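This is what each chain is made of:
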Amino acid sequence: MRRLLLAVLAFAIVIVLSPLTQAAPGAVHCGKLLGVRSGKLLTDQVIVFDASGVITAVGPASSPLAPGGATIVDLPSATCLPGLIDVHTHLTGDPSHSGYQGLGISVPRQAITGAKNARLTLQAGFTTVRNVGAGDYTDVALRDGINAGEIPGPHMLVSGPPLGITGGHCDENLLPFEFHYKSSGVADGPWEARAKVRETIKYGADVIKICASGGVLSKGDQPGTPQYTLEEMTAIAEEAHKLGRRVAAHAHGTQSIKDAIRAGIDSIEHSSLIDDEGIALAKQHGTYLVFDIYNDDYILSEGAKVGMLPESIEKEKKVGRLQRENFRHAWQSGTKMAYGTDSGVYPHGDNAKQFAKMIEWGMKPIDAIQAATIRAADLIGWADKVGALETGHEADIIAVSGDPMQDVRRLESVKFVMKDGAVYRNEFSAK
Ligand SMILES: [Zn+2]
């Protein structure tokens, strides 16, 4: 009995921890394929990729595209899409790390949590994430472990510790003075902030994350209150761009959103209290807005149970609905938007639940799908690599049954996941 149990366990571990197939030249045959640029559903398509997991051809299955001997994954009843992208994740955090409980979780422990969440995120069909804010450099370690093939997970762009002012949203404000503790990303003043940009890049950051305004889950501040000044953010954006990195700014507050856009920040995260002037500025500067409009539901229904501070729940009650209304208004006004969810505030793997919210608040299914593919790829600077199933892109392919353009919730149950030409999930083959 014990031996049987061990065998079953070993089998389960193999399935979960490693790709079902290793990268090799191959092809995927899709009954339907959603062209994310055109919004058209194509029938009977084949996607061919080489041994390094890069797409070499896409076209009708009737054409002789696949080289002889290539392994073909046959998904005749599926609808294929490019792997999804979430531009605002916190893979090394879980909802249970909220409030005072989070103080007991070590940095190495957070990295282990990250390994679990990287797998859950990939299994949910998100083959690329931009991780904006992690305890010290746990996300750098996670990215490197995934890239080395040691653990399964999405392609990651990572920020390391987010930059913020003393006592701000990106500082740790739960401990009294005698502990003399501050978060590793705290930097005040333009030059200290520049030095912190240099430091995070030195230790592996692909992108810079900053806290421009107060937040919901931090102690003692308000989402609408400005934190970094225009002068500080201008210095950060200039330094980061000079060193080839983009900047994402957490900004709920009306003033901070405008200051961040004027400073040259590349994306505004949350964007909750944006006004008409902020919308006009975002359009003028081509700044991406990232509205995380799903997690409000989770914070209000589960937040207290997982240890979020009572003040956080109160703040969410004030800001949640306004954020959704402003999402609709900003979208109808023609701003650029990318799909970011703030996973970690809610459980990882539920990333696709935001699609339905985006439809509820004014997008068409193709708009939301583009936000999570071509638009997200553009924001993160990987437009030539991910977000579309085209020659030269990574063979990051997901599939669902049915038509996500009719029912976007299909994306909540992705049945096939391929990353770089290797299969990580295939529920179609079970039948
Ligand atoms: Zn966040």
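Residues numbered from 1 in each chain as written. Predicted model: local features only at pLDDT ≥ 70, side-chain atom pairs only at ≥ 80, totals over all residues. Heavy atoms only, no water.

1. So, the overall build of the chain
Okay, so step 1: The helix and strand tally for the chain stands at 12 helices and 15 strands.
Okay, so step 2: The globule rule puts the C-alpha radius of gyration for 431 residues at 22 Å, and the 21 Å found for the chain is close to it.
Okay, so step 3: Out of the 431 residues in the chain, the part that is buried amounts to 56%.
Okay, so step 4: Of the contacts formed within the chain by residues at least 6 apart in sequence, a portion of 67% connects residues at least 24 apart.
Okay, so step 5: As presented, the chain carries roughly 17,300 Å² of accessible surface, and 56% of it is formed by carbon and sulfur atoms.
Okay, so step 6: Looking at the chain, you have 42 positive and 49 negative side-chain charges, and the mean spots of the two groups are 4 Å apart. (Helix = DSSP H or I, 4+ residues; strand = E, 2+ residues; numbered from the N terminus. Rg over C-alpha atoms; globule rule 2.2 N^0.38 Å. Buried < 20%, exposed > 50% of the residue type's maximum accessible area, 1.4 Å probe, protein only. Contact = heavy atoms within 4.5 Å. Areas by Shrake-Rupley, 256 points an atom, 1.4 Å probe, with all protein chains shown as cover. Lys, Arg positive; Asp, Glu negative; His and termini not counted. Charge placed at Lys NZ, Arg CZ, Asp CG, Glu CD.)

2. A closer look at the coordination of the zinc ion
Okay, so step 1: Only His88 (NE2), His90 (NE2) and Asp342 (OD) from the protein coordinate the zinc ion, and they sit 2.1 to 2.3 Å from it.
Okay, so step 2: Between the donor residues of the zinc ion, the gaps in sequence give the motif H-x1-H-x251-D. In this pair, histidine 88 sits in strand β5 (residues 84-89) while aspartate 342 sits in the loop between β12 (336-337) and α10 (353-360), placing the two residues 254 residues apart along the sequence. An identical accessibility class is assigned to histidine 88 and aspartate 342; each is buried. (Donors = N, O, S within 2.8 Å, 3.2 Å for Na, K, Ca; no water.)

3. Remarks on the nonpolar core
Okay, so step 1: The biggest cluster of nonpolar side chains holds 61 residues, and the ones touching the most others in it are Ile208, Ile210, Tyr228, Ile236 and Phe355.
Okay, so step 2: Those residues within four positions of isoleucine 236 in sequence are excluded, and the remaining contacts are Leu163, Ala193, Val197, Ile208, Ile210, Tyr228 and Val247.
Okay, so step 3: By size, the runner-up hydrophobic cluster in this structure holds 18 residues, among which are Leu33, Ala78, Cys80 and Ile397. (Core = buried A, V, L, I, M, F, W, Y, C linked by side-chain atoms within 4.5 Å.)

4. What about the pattern of salt bridges?
Okay, so step 1: Tallied over the full model, the rule gives 26 salt bridges.
Okay, so step 2: One salt bridge in this structure joins glutamate 277 and arginine 262, with 3.2 Å as the shortest N-O distance. With glutamate 277 in helix α7 (residues 276-285) and arginine 262 in helix α6 (residues 254-263), the pair connects residues that are 15 residues apart, well separated along the chain.
Okay, so step 3: Assessed through its relative accessible area of 41%, arginine 262 is described here as partly exposed.
Okay, so step 4: In this structure, lysine 357 engages glutamate 360 in a salt bridge whose closest nitrogen and oxygen atoms are separated by 3.2 Å. Within this pair, lysine 357 and its partner glutamate 360 are both found in helix α10, separated by three residues, close to a single helical turn.
Okay, so step 5: For lysine 357, a relative accessible area of 13% corresponds to the buried category.
Okay, so step 6: Among the ionic contacts, a cluster of salt bridges with common partners joins Arg194, Arg198, Glu238, Glu239 and Lys242. (Salt bridge = Lys/Arg side-chain N within 4 Å of Asp/Glu carboxyl O.)

5. Focus on the environment of histidine 329
Okay, so step 1: With respect to the element layout, histidine 329 can be found in helix α9 (residues 310-332).
Okay, so step 2: Judged by relative accessible area, histidine 329 falls into the partly exposed class, the value being 33%.
Okay, so step 3: In the structure, histidine 329 is positioned 55 residues away from isoleucine 274 in sequence and 9.6 Å away in space, judged by C-alpha atoms.

6. Thoughts on a nonpolar patch on the surface
Okay, so step 1: A cluster of nonpolar side chains, contributed by Tyr100, Leu103, Leu175, Phe179 and Tyr181, occupies part of the molecular surface with about 500 Å² of accessible area.
Okay, so step 2: Considering the arrangement of structural elements, one finds tyrosine 100 in the loop between β5 and α2 (107-123). (Patch = residues over 30% accessible without salt bridge, like charges linked within 9 Å, V, L, I, M, F, W, Y side chains within 5 Å.)

7. Some thoughts on the sheet that holds strand β11 (residues 288-290)
Okay, so step 1: The strand order across the open sheet formed by five strands is β8-β9-β10-β11-β12, and the pairing between neighbours is parallel. Both outer strands of the open sheet, β8 (207-211) and β12, are each paired with one neighbouring strand and no more.
Okay, so step 2: Where β8 lies against strand β9 (residues 246-251), five bridges are found, and the strand directions are parallel. Looking at β9, one finds that cysteine 211 is bridged to histidine 250. (Pairing = 2+ DSSP bridges.)

8. Section: the sheet that holds β5
To summarise the sheet geometry, strands pair through backbone hydrogen bonds and adopt either a parallel or an antiparallel arrangement.
Okay, so step 1: In space, the three strands of this open sheet follow the order β5-β6-β7, with parallel pairing throughout. Here the strands that pair on one side only, and so sit at the sheet edges, are β5 and β7 (155-158). Here the average twist between neighbouring strands, direction ignored, is 15°.
Okay, so step 2: Where β5 meets strand β6 (residues 126-131), four bridges bridge the pair, whose relative direction is parallel. Pairing of threonine 89 across the sheet is with asparagine 131, part of β6. (Axes fitted to C-alpha atoms, helices over the stretch in contact; angles between N-to-C directions.)

9. Considerations on the packing of α2 against helix α3 (residues 138-147)
Okay, so step 1: In the contact formed by α2 and α3, the axes pass within 9 Å of each other and the chain directions differ by 45°. As far as their axial angle goes, α3 and α2 are oblique. Crossing handedness for the pair α2 and α3: right-handed. In this structure, α2 contributes Val107, Gln110, Ala111, Gly114, Ala115 and Ala118 to the contact, and α3 contributes Thr138, Leu142 and Ile146.
Okay, so step 2: The class makeup of the residues in the contact of α2 with α3 is six nonpolar, three polar and no charged. (Parallel < 35°, antiparallel > 145°, perpendicular 65-115°, else oblique. Left-handed = near helix turned anticlockwise from the far one by under 90°. Nonpolar A, V, L, I, M, F, W, Y, C, P; charged D, E, K, R; others polar.)

10. Here's the deal with α10
Okay, so step 1: Listed in full, the buried residues belonging to α10 are Gln354, Phe355, Ala356, Lys357 and Met358.
Okay, so step 2: Looking at the buried residues of α10, the elements they touch are β5, β6, α8 (295-302), α9 and α11 (365-371).
Okay, so step 3: Backbone geometry just downstream of α10 places glycine 362 in the positive-phi region, at approximately 115°.

11. Looking at the state of the cysteines
Okay, so step 1: The full count for this structure, using the stated rule, is two disulfides.
Okay, so step 2: One disulfide in the model links cysteine 30 with cysteine 80; its S-S distance is 2.1 Å. Judged by the sign of its S-S torsion, about -95°, the cystine formed by cysteine 30 and cysteine 80 is left-handed. With cysteine 30 in strand β1 (residues 26-35) and cysteine 80 in strand β4 (residues 71-82), the pair connects residues that are 50 residues apart, well separated along the chain.
Okay, so step 3: The buried category is assigned to cysteine 80, whose relative accessible area is 0%.
Okay, so step 4: Two residues, cysteine 170 and cysteine 211, share a disulfide whose sulfurs are 1.8 Å apart. (Disulfide = S-S within 2.5 Å.)

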